[in-house]
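# An overview of the molecular structure
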Amino acid sequence: QLVESGGGLVQPGGSLTLSCVVSGFTLDENAIGWFRQAPGKEREGVSCISATGRTTNYVGSVQGRFTVSKNNAKNTVYLQINNVKPEDTGVYYCARSDRKIGCSMSRQWEYQTWGQGTQVTVSV
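Residues numbered from 1 in each chain as written. Predicted model: local features only at pLDDT ≥ 70, side-chain atom pairs only at ≥ 80, totals over all residues. Heavy atoms only, no water.

## Some remarks on the nonpolar core
Residues Leu-18, Ile-32, Trp-34, Phe-66, Val-77, Leu-79 and Ile-81 are the most contacted members of the largest nonpolar core, which totals 24 residues. Sorting the residues of this core by element identifies β3 (16–22), β4 (31–37), β5 (44–49), β7 (66–71), β8 (76–81), β9 (90–97) and β11 (118–122) as the ones contributing at least two each. With four residues, the single largest contributor to this core is β3. Not counting chain neighbours up to four residues away, the residues in contact with Ile-32 comprise Leu-2, Val-22, Phe-25, Leu-27, Ser-47, Cys-48, Ile-49, Val-77, Cys-94, Ala-95, Arg-96 and Tyr-111. Membership of the second largest hydrophobic core comes to seven residues, among which are Ala-31, Phe-35, Cys-48 and Cys-103. (Core = buried A, V, L, I, M, F, W, Y, C linked by side-chain atoms within 4.5 Å. Buried < 20%, exposed > 50% of the residue type's maximum accessible area, 1.4 Å probe, protein only. Helix = DSSP H or I, 4+ residues; strand = E, 2+ residues; numbered from the N terminus. Contact = heavy atoms within 4.5 Å.)

And the structure:
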């Protein structure tokens with residue numbers, strides 16, 4: 001199970017941190033991806049972190065603004081979002097992949113378990 005939290009209303013240029021608390025599996029054996037779906041658009045992968053934590057990836061539009069990290073002891077993965085933009089608005093999901101090496105948020109079919117999502121709205 002994965003449970004996201006931390007979403008909300010934020011002004012452009014602001015920051016927020018999303019959390020994904022997992023249960024039923026261990027983070028050191030699973031990659032975690034972050035995805036978002038804006039109204040009327042397809043879901044897109046924005047970031048991922050490998051099981052070892054040594055590999056992180058970001059889609060180009062968030063590079064330099066988003067940071068993914070995790071705390072295995074707390075069973076939690078984080079997505080720090082800085083300098084938010086209106087186009088960051090959407091429902092953010094975390095998902096689990098049993099991939100042991102690396103991670104890829106473009107390969108959504110690799111992710112077996114998904115959270116329910118948390119809404120992020122960027123507006124003045």
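## Regarding the state of the cysteines
Per the counting criterion, the structure on display carries two disulfides. One disulfide bridge connects Cys-20 with Cys-94, the sulfur atoms lying 2.1 Å from each other. Disulfide Cys-20-Cys-94: the torsion about the S-S bond is 75 degrees, which places it as right-handed. Of the two residues, Cys-20 is situated in strand β3 and Cys-94 in strand β9; the sequence distance between them amounts to 74 residues. One exposure class covers both Cys-20 and Cys-94, and it is buried. One disulfide bridge connects Cys-48 with Cys-103, the sulfur atoms lying 2.1 Å from each other. Here Cys-48 and Cys-103 share a disulfide; its torsion about the S-S bond, 75 degrees, makes the bridge right-handed. Highlighted residues: Cys-48 in strand β5 and Cys-103 in the loop between β9 and β10 (111–114), separated in sequence by 55 residues. You can call Cys-48 buried: its relative accessible area is 0%. (Disulfide = S-S within 2.5 Å.)

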